[in-house]
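Spelled out, the chains give:
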Amino acid sequence: MQKIKSLMTRQGLKSPPESLSDLGAIESLRVPGKEFRELREQPSDPQAEQELINSIEQVYFSTDSFDIVKYELEKLPPVLNLQELEEYRDKLKQQQAAVSKKVADLILEKQPAYVKELERVTSLQTGLQLAAVICTNGRRHLNIAKEGFTQASLGLLANQRKRQLLIGLLKSLRTIKTLQRTDVRLSEMLEEEDYPGAIQLCLECQKAASTFKHYSCISELNSKLQDTLEQIEEQLDVALSKICKNFDINHYTKVQQAYRLLGKTQTAMDQLHMHFTQAIHNTVFQVVLGYVELCSGNTDTKFQKLQYKDLCTHVTPDSYIPCLADLCKALWEVMLSYYRTMEWHEKHDNEDTTSASEGSNIGTEETNFDRGYIKKKLEHGLTRIWQDVQLKVKTYLLGTDLSIFKYDDFIFVLDIISRLMQVGEEFCGSKSEVLQESIRKQSVNYFKNYHRTRLDELRMFLENETWELCPVKSNFSILQLHEFKFMEQSRSPSVSPSKQPASTSSKTVTLFEQYCSDGNPFEIQANHKDEETEDVLASNGYESDEQEKSAYQEYDSDSDVPEELKRDYVDEQTGDAPVKSVSRETLKSRKKSDYSLNKVNAPILTNTTLNVIRLVGKYMQMMNILKPIAFDVIHFMSQLFDYYLYAIYTFFGRNDSLESTGLGLSSSRLRTTLNRIQESLIDMEVSADPTATLTAAEERKEKVPSPHLSHLVVLTSGDTLYGLAERVVATESLVFLAEQFEFLQPHLDAVMPAVKKPFLQQFYSQTVSTASELRKPIYWIVAGKAIDYEQMLLLMANVKWDVKEIMSQHNIYVDALLKEFEQFNRRLNEVSKRVRIPLPVSNILWEHCIRLANRTIVEGYANVKKCSNEGRALMQLDFQQFLMKLEKLTDIRPIPDKEFVETYIKAYYLTENDMERWIKEHREYSTKQLTNLVNVCLGSHINKKARQKLLAAIDDIDRPKR
């Protein structure tokens, strides 16, 4: 369609709307023209016509600027052919006719719609003409109404307006009169500390004054209100400063409301922190100044001019602790006020957030910004205020040398500082690095000197100790001592450390929660030392006369066997029952002489042991109060135990001949421990060497001279079993001390820094656990002297072993040896009347004696010059008789070294080949014993060459030992 229109344009034709110049032409188009009718009446072939239209060149449908004539002329060939031109002309006419016919068809097809649209346009023109008539009539009526108003009507309106103005003026005059009287009410409200009301009233007055500023009398009033507002802000700042020492929730609420009305909440927070800083400085200065002036006896103003650092040096030792306590109390009040200030803001922020979510959002963004600023400011202020507190207290601590105080006073100072550090940790989560470092240095120096003095005292106690039993009750516990009272909060004396609950279900109450409304954590209690007396000592070694009587009561019925006695027949080291069960008859037969029944199984310890335990309690007090020095304290505690252990070994266990026995009485761990103690703690030099270096002198200051046993302690009397009572008291007191250290291990492990825990584990595994190992070397000395083994060797040397007949009677040395054991048993009973002998001790004593006796028997057999087969049978008879009688004296099973003797006797019957293998397998025998076995006992049935071979094998075994 568009192509056809374009083509029509180029041919000079116009579309129907464009050919109309006015509305008059509409009628002429309602009936189709003659030309169009002729075109439509011509017979046509639609398909042929469409092909003609399609054959028209595309260039004819281009833009309007295209010149058709010029285009056709340019297409003409240089040589014209009339026939071709006519044919081409006819073709163009056919195309033009097809296009014209197509256009005519289209015009006729759209003619009804075109006519209908022209009718709508005509109707619209008629409506516009009617609207013009209406507008003309409206304007005419408006002119009539304008001319109808009179001068009287306008006068009424003017009077009404004047009346309204006069009413407004009267209201303004009344407001001005009220404003003139406002200053009186503002003064009353300030006196009542109603700051929000005063500010609200002042702001309303200023707003009203600005409304009436066109009155001359208002300018003076406006200036006066501004001065009043500034005065209110000054008083508000003073009221804000009072919050720092005594927080009052109602007072602070009024102050915050007032600042909120002023729009200065951020400024108020800045001012508040400045007041807190100033309050800390003024508080500590006034407290210290008060004590300095009180102790100086005058009120000389020179102290008020001193700096706080210099003022602290004038505090006297007598007033030092009370001043420190009051100083911490005053600082606590400041921190508590800050804590409650934060609580107030947290509570009101939540309330404001809730109300904002329910109400309008107007101003919410600004409010949230202020709230965020205040929150950050308060959080930052926590650390700042705590740092100021630490610096003030540190300055006070450095003003006096703490080494001048006694231990209890020093502990009290540490307790106050520890409580202050606890307050700081709860206050802002800080670890109090400033205070810790300051108090740690002074504590370590103080404690090092204190520990050195205690070590010297311990040496003096040990050198004057007579090793008499300190009578304590059977239920004695170190937690009953004053020094360990601090542990009662965390552990019950009746519950073992392993059974303590790991945590409590109840929520821990902080100091701020505990003392928020009343009280102070730094209040000095008048009875801060426990007034309860210690009830740990027993009279005459028994807790009551009834227990003393029942201890030796006859037990006639089977049910009367005491439980204490039953328990004593259980191995205290392993917890297992002995190999041979103890019969009721045996228990009854030994009810009076049993070594464990006496003293009702009370712990065995001495006064020195008790002093060491008290020292440990004091050390733990310091460690519990000041955990940063835990490692140093535990190290010094370990030295107390080391020195006590070394003293017991030096007094009762040192014997160079012990290790020569080859019985392994001292384990390698015990020897290593003793060597370590001697090298690190014991000063082996008698006097200081003047030529020694300064480093060596400093090292010697850390050491303690080796203690010496008191001359009152006699260890050479056979009647007392060579001081067995003293040895038992000393050794078992060490074992008891080790048990107490084991009991305290969980507490020590809890406070020990993680990086230092290997030291604690090493101390327990290599030192504390070796305490019971000292029993063997100490009681071996008694066992070695209690039985006359040399006399037995002499009696065995007089026996004739080359008999020709099998004997039915044992030799006399067996009876002599058994008499020695019976005498040993009687002496042991006598000693047990003085000191309770625990079952492990009696077992070790019997084991040592039996072991020595059996080895003496083997040594006696090794001294035999001649021996027959009947003589070997006699040896077996003697040993069996010895065992049979010995088993009635002791309940130890199996008999120690029984196989040692029997194996040696049976070796007499071995052949040459078996003997060589036996020698290599049994290296527990000495070279002399093996040589005698080959020369004497086997000489009768082996030749000389075989004997030389066996002796060479013995020499090979002995060579590495040389």
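Owing to the predicted nature of the structure, the values given are computational and were not obtained by experimental measurement.

Each value, and the rule that gives it
Residues numbered from 1 in each chain as written. Predicted model: local features only at pLDDT ≥ 70, side-chain atom pairs only at ≥ 80, totals over all residues. Heavy atoms only, no water. Helix = DSSP H or I, 4+ residues; strand = E, 2+ residues; numbered from the N terminus. Contact = heavy atoms within 4.5 Å. Buried < 20%, exposed > 50% of the residue type's maximum accessible area, 1.4 Å probe, protein only. Polar contact = N/O pair within 3.5 Å; in protein donor to acceptor, adjacent residues only side chain to side chain. Salt bridge = Lys/Arg side-chain N within 4 Å of Asp/Glu carboxyl O. Patch = residues over 30% accessible without salt bridge, like charges linked within 9 Å, V, L, I, M, F, W, Y side chains within 5 Å. Areas by Shrake-Rupley, 256 points an atom, 1.4 Å probe, with all protein chains shown as cover. Lys, Arg positive; Asp, Glu negative; His and termini not counted. Charge placed at Lys NZ, Arg CZ, Asp CG, Glu CD. Core = buried A, V, L, I, M, F, W, Y, C linked by side-chain atoms within 4.5 Å. Phe/Tyr/Trp six-rings, centres within 6.5 Å; stacked < 30°, edge-to-face > 60°. Axes fitted to C-alpha atoms, helices over the stretch in contact; angles between N-to-C directions. Parallel < 35°, antiparallel > 145°, perpendicular 65-115°, else oblique. Left-handed = near helix turned anticlockwise from the far one by under 90°. Nonpolar A, V, L, I, M, F, W, Y, C, P; charged D, E, K, R; others polar. pLDDT = per-residue confidence, 0-100.

## Some points on the overall build of the protein
When its secondary structure is counted, the protein shows 36 helices and 2 strands. Considering only contacts in the protein between residues 6 or more positions apart, those separated by 24 or more positions represent 81%.

## A few points about the environment of W801
The topology assignment puts W801 in the loop between α29 (789-797) and α30 (812-834). In this structure W801 comes out as buried when scored by relative accessible area, which is 3%. Put simply, W801 and S868 are 67 residues apart on the chain and 6.5 Å apart in space, counted from C-alpha to C-alpha. With near-sequence residues (within four places) excluded, W801 lies in contact with M796, N811, Y813, Y861, V864, K866, C867, S868, G871, L874, M875 and D878. A distance of 3.5 Å separates the side chain of W801 from the backbone oxygen of V799, its partner in a polar contact.

## Overview of the pattern of salt bridges
By the definition in use, this model includes 28 salt bridges. Notably, a salt bridge pairs E57 with K75, separated by 2.6 Å at the nearest N-O pair. Of the two residues, E57 sits in the loop between α4 (46-55) and α5 (68-75) while K75 sits in helix α5, which places them 18 residues apart along the sequence. Of the charged contacts in the structure, one is a salt bridge between E483 and R614, with a shortest N-O distance of 3.1 Å. Taken together, the residues E483 in the loop between α17 (433-464) and α18 (511-514) and R614 in helix α22 (residues 607-625) connect sequence positions 131 residues apart. Shared partners join several salt bridges into a network, and the residues in it are E847, R851, R855 and D897.

## Some details on a negative patch on the surface
A cluster of acidic residues, E343, E346, E379 and E513, forms a negative patch on the protein surface. Turning to its location among the elements, E346 is positioned in helix α14 (residues 317-358).

## Details of the nonpolar core
Across soluble globular proteins, nonpolar side chains show a tendency to be buried alongside one another. If you look at the biggest cluster of nonpolar residues, it comprises 225 residues, and the most contacted ones within it are Y396, F484, F641, L724, F821, Y861 and F882. Those residues in contact with F484 that sit more than four places away from it in its chain are I478, L479, I613, V616, G617, M620 and L744. In this structure, I53, Y60, F61 and F66 belong to the second largest nonpolar core, which totals 9 residues.

## Some words on the environment of L615
Looking at the element boundaries, L615 is found in helix α22. It is 9.9 Å that separates the C-alpha atoms of L615 and L458, two residues lying 157 residues apart in sequence. Ignoring anything within four residues of it in the chain, the contact list for L615 reads Y450, R454 and L640.

## Things to note about unusual backbone geometry
Put simply, R893 and P894 share a cis peptide bond, and its omega is -5°. One can find P894 in the loop between α32 (869-889) and α33 (898-906). Unlike most non-glycine residues, L721 shows phi in positive territory, near 55°. Relative to the helices and strands, L721 is located in the loop between β2 (704-705) and α26 (724-751). Despite not being glycine, Y722 has its phi angle at roughly 60°, a positive value. Among the structural elements, Y722 can be located in the loop between β2 and α26.

## Remarks on the packing of aromatic side chains
As enumerated under the stated definition, the model contains 37 aromatic pairs in all. Arranged with centres 5.3 Å apart and planes meeting at 80°, the rings of F824 and W846 form a pair that is edge-to-face. Taken together, the positions of F824 in helix α30 and W846 in helix α31 (residues 839-862) put the pair 22 residues apart, joining distant regions of the chain. Exposure remark for F824: the relative accessible area of 1% places this residue in the buried category. Judged by centre distance (5.8 Å) and plane angle (70°), the rings of Y904 and Y908 are edge-to-face. Y904 sits in the buried class, given a relative accessible area of 0%. Note on Y908: relative accessible area 0%, which makes it buried. Put simply, the rings of F276, W332, Y338, Y339, F427, F512 and Y515 pair up and form one aromatic cluster.

## Examining the side chain of Q390
With respect to the helices and strands, the residue Q390 is situated in helix α15 (residues 364-398). Taking relative accessible area as the criterion, Q390 reaches 0% and is therefore assigned buried. A polar contact is formed between the side chain of Q390 and the backbone nitrogen of L435, at a distance of 3.2 Å.

## Quick look at the packing of α31 against α33
Viewed as axis vectors pointing N to C, α31 and α33 meet at an angle of 15°, and their least axial separation amounts to 8 Å. Viewed along their axes, α31 and α33 adopt a mutual orientation that is roughly parallel. Of the two elements, α31 crosses α33, and the hand of that crossing is left-handed. Contacts between α31 and α33 involve N854, R855, I857, V858, Y861 and A862 from the first element and K898, F900, V901, Y904 and I905 from the second.

## Description of the packing of helix α28 (residues 775-786) against α31
The geometry of α28 relative to α31 is characterised by a closest axis approach of 9 Å and an angle of 55° between their N-to-C directions. Put simply, α28 runs oblique to α31. The way α28 lies across α31 gives a crossing that is right-handed. Across from R775, K776, Y779, W780, V782, A783 and G784 in α28, the residues of α31 making contact are P840, V841, I844, L845, H848, C849, R851 and L852. Within the contact of α28 with α31, the residues separate by chemical class into 10 nonpolar, 2 polar and 3 charged.

## Description of the confidence of the model for the protein
Averaged over every residue, the pLDDT of the protein is 78; residues scoring 70 or more account for 76%. Confidence drops under a pLDDT of 50 for residues 12-32, and excluding neighbours within four residues, the segment shows 21 contacts in the predicted structure. Taken as a whole, residues 490-506 scores under 50 in pLDDT and shows 15 contacts with residues more than four places along the chain or in a different chain.

## Brief notes about a nonpolar patch on the surface
Residues V69, L73, L76 and L80 make up a contiguous nonpolar surface patch of about 380 Å² in total accessible area. Assignment of secondary structure puts L73 in helix α5. The exposed category is assigned to L73, whose relative accessible area is 55%.

## Here's the deal with the side chain of Q621
Topologically, Q621 is positioned in helix α22. Sequence-distant contacts of Q621, defined by excluding residues within four places in its chain, comprise Y407, I411, H482, E483 and F486.

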